[in-house]
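Fold and geometry: a report
These are the residues of each chain, in order.
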Amino acid sequence: MEPPGESPGLMLVSYEGKPYRFDPGALCLELLTTGGPGAFARHEVLHEPADLAAWADRSRLPDGLELAVSEGELGRVRVFRDALFLLTADRAHGRPLRPDHVETVNAAAAGPPLGSRLTPDGTRAWASGATATHLLSTLARDAIDLFTGPYAHRIRECGAHDCYLLFVDTSRPGRRRWCAMEHCGNREKARAHRARASRSARSGAE
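As the structure is a prediction and not an experimental result, all values here were calculated from the model.

Analysis parameters
- Residues numbered from 1 in each chain as written.
- Predicted model: local features only at pLDDT ≥ 70, side-chain atom pairs only at ≥ 80, totals over all residues.
- Heavy atoms only, no water.
- Core = buried A, V, L, I, M, F, W, Y, C linked by side-chain atoms within 4.5 Å.
- Buried < 20%, exposed > 50% of the residue type's maximum accessible area, 1.4 Å probe, protein only.
- Helix = DSSP H or I, 4+ residues; strand = E, 2+ residues; numbered from the N terminus.
- Contact = heavy atoms within 4.5 Å.
- Phe/Tyr/Trp six-rings, centres within 6.5 Å; stacked < 30°, edge-to-face > 60°.
- Salt bridge = Lys/Arg side-chain N within 4 Å of Asp/Glu carboxyl O.

With that settled, the discussion passes to the nonpolar core. Formed by 51 residues in total, the largest nonpolar core has its most connected members in L52, W55, F80 and C179. Counting residues per element, the ones that place at least two in this core are β1 (10–13), β2 (19–22), α1 (27–30), α2 (49–58), α3 (71–92), α4 (99–109), α5 (132–148) and β6 (166–168). Here the element with the most residues in this core is α5; it accounts for 8 residues. Look past the residues within four positions of C179 in its chain and what remains in contact with it is Y20, F22, C158, C163, L165, F167 and C184.

Next comes the structure, spelled out in structure tokens:
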């Protein structure tokens, strides 16, 4: 859960070393910032069990989750993430969903999710014994809710020419194009401005 007054999302760092906030709009899509299949494997950050626990602490999950992660569970989370990455990209571009990716999500969702409990002071807390298997089921169920919910048609890839971050546009007008305006939005606007200026200069020289 984000602290009061803070926007939802994760803090990422650009190639230039500048931090920016990226809100993919769903818990399951936050996982896609940790790496991916093929060429995206170079962005892998889930190298050891502690890395997954650290990601969970940064995610939009409520604070206080004490997560136990084994090496085997970490591997299964990475397999799920890679399948979800490709599934989400296919949905964003209007391509058919591959049955093997769908089955990976369904298999993960079949397990028990993270549990919560009511405390004596009336607040909500995580149940003890949380494992990465429970987290995996929670992520898969979130993905199913996203792909079958009212915003399924708003799953998109960043419109920048060199960015592949995936998000769901939950804005009221539904016109979000960028992973983040302060990152790709500004870069692409500057790029378009330079292109127009270059065309204008060439026209004036003719």
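Here we come to the environment of P24. Take P24: it is sitting in the loop between β2 and α1. As a C-alpha pair, P24 and E157 span 133 residues in sequence and 10.0 Å in three-dimensional space.

Let's shift gears to the packing of aromatic side chains. Throughout the structure, instances matching the rule amount to 2 aromatic pairs. Relative to F85, the ring of F40 has its centre 4.7 Å away and its plane inclined at 40°; by these criteria the two rings are tilted. Taken together, the positions of F40 in the loop between α1 and α2 and F85 in helix α3 put the pair 45 residues apart, joining distant regions of the chain. On the basis of relative accessible area, F85 is assigned to the buried category, the value being 8%. Ring geometry for F40 against Y164: centres 5.6 Å apart, planes inclined by 75°, an arrangement best described as edge-to-face.

With that settled, the discussion passes to the pattern of salt bridges. According to the stated counting rule, one finds 7 salt bridges in the structure shown. Across the pair D100 and R98 runs a salt bridge, and its minimum N-O distance is 2.7 Å. Look at D100 and you get partly exposed, because its relative accessible area is 39%. Each of D23, E30 and R60 takes part in a single network of salt bridges with overlapping partners.

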